[in-house]
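Overview (structure and organization)
Each chain, written out:
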Amino acid sequence: MIEIEVQNETHQTQFRIKAMSVPRIGEGIRLKEPDATWASYDVLDVWYQQADYGEVWVPYLHVKTTPSDGHAAPAPSAGAQEMPNQAMPIADFLAKFEGDHEHETVKLNLDMSEED
């Protein structure tokens, strides 16, 4: 079990939970509200800080209530600019990672028997 420090932006609270894995940014988690009901939260940020007691890194989550749970989404600020459309064909995207030559497949020998 991993102990995770959670900073709740919606209620301006900080608490610890125990989990099997650390959620990633953009994932949703379910947490208990102050009135003991369950609500969905979005993970806004994940970072690690060294613990006071040694060479241990503690994960921290920054969460906010998911807007689809009946809560209004925050209005964009006046200075916020619209995100440009970053869509591109998948072939163009993959070409960034391939380099100048075609990849050759490598045959793997999965035979684990010992040779005499």
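That block above? That's the structure.
Residues numbered from 1 in each chain as written. Predicted model: local features only at pLDDT ≥ 70, side-chain atom pairs only at ≥ 80, totals over all residues. Heavy atoms only, no water.

**A closer look at the pattern of salt bridges**
The criterion, for reference: Only one rule defines a salt bridge in this text: a Lys or Arg side-chain nitrogen within 4 Å of an Asp or Glu carboxyl oxygen. A run of H or I in DSSP becomes a helix once it reaches four residues, and a run of E becomes a strand once it reaches two; helices and strands are each numbered from the N terminus. Burial here depends on accessible area, computed with a 1.4 Å probe over protein chains only, as a share of the maximum for the residue type. Under 20% is buried, over 50% is exposed, and the range in between is partly exposed.
What the rule picks out here adds up to four salt bridges. Where E3 meets R16, a salt bridge forms, and the shortest distance between an N and an O atom there is 2.8 Å. One end of the pair, E3, is in strand β1 (residues 2–8); the other, R16, is in strand β2 (residues 13–19), with 13 residues separating them in the sequence. The class of E3 is partly exposed, set by a relative accessible area of 35%. By relative accessible area, which is 48% here, R16 ends up partly exposed.

**Section: the sheet that holds β1**
What counts, and what does not: Strands are treated as partners if at least two bridges between them are detected by DSSP. Axes here refer to lines fitted to C-alpha atoms; in helices the fit is confined to the stretch in contact. Angles between the N-to-C directions go from 0 to 180 degrees.
Pairing in this open sheet of five strands is mixed, and the strands run β2-β1-β5-β4-β3 from one edge to the other. Each edge of the open sheet is held by one strand with a lone partner, namely β2 and β3 (28–32). On average, each strand axis in the sheet is inclined to that of its neighbour by 45°, with strand direction left out of account. In this sheet, β2 lies alongside β1 in antiparallel orientation, the contact comprising seven bridges.

**A few points about the packing of aromatic side chains**
Basically, it comes down to this: Here the aromatic set is Phe, Tyr and Trp, taking the six-membered ring for Trp, and pairing holds for ring centres within 6.5 Å; pairs whose planes are under 30 degrees apart are stacked, those over 60 apart are edge-to-face, and all others are tilted.
Taken as a whole, this structure holds one aromatic pair when the rule is applied. Between the aromatic rings of W47 and Y60, the centroid separation amounts to 5.5 Å while the plane-to-plane angle is 15°, which identifies the pairing as stacked. You can see W47 sitting in strand β4 (residues 38–50) and its partner Y60 sitting in strand β5 (residues 57–65), a full 13 residues away along the chain. Assessed through its relative accessible area of 13%, Y60 is described here as buried.

**Notes on the side chain of E33**
For clarity, the cut-off: Only four residue types enter the charge count: Lys and Arg as positive, Asp and Glu as negative, with His and the chain ends excluded. Any two residues whose heavy atoms approach within 4.5 Å at even a single point are treated as in contact.
By the element assignment, E33 lies in the loop between β3 and β4. Here E33 is buried and forms no salt bridge, its nearest opposite-charge partner R30 lying at an N-O distance of 8.9 Å. Apart from the residues lying within four places of it in its own chain, the contact partners of E33 are H11, A39 and Y41.

**Remarks on the pairing of β3**
Side chains I29 and L31 project from β3 onto a buried face, and the interleaved G28, R30 and K32 project onto a face without burial. Across five bridges, the pairing between β3 and β4 is antiparallel. The residue of β4 that forms the bridge with L31 is A39. Between β3 and the antiparallel strand that follows it, β4, lie five residues; A36 among them carries a positive phi value of about 70°.

**Looking at the nonpolar core**
Heads up, the rule is: As used here, the term nonpolar core means buried Ala, Val, Leu, Ile, Met, Phe, Trp, Tyr and Cys residues forming a set that is joined through side-chain atoms within 4.5 Å.
With ten residues, the main nonpolar core is built from I4, V6, A19, I29, L31, A39, Y41, V43, L61 and V63. Put simply, the parts of the chain that give this core at least two residues each are β1, β3, β4 and β5. Broken down by element, the residue count for this core peaks at three residues, all from β4. Dropping the residues within four chain positions of it, I4 is found in contact with F15, R16, I17, A19, S21, V22, P23, P59 and L61.

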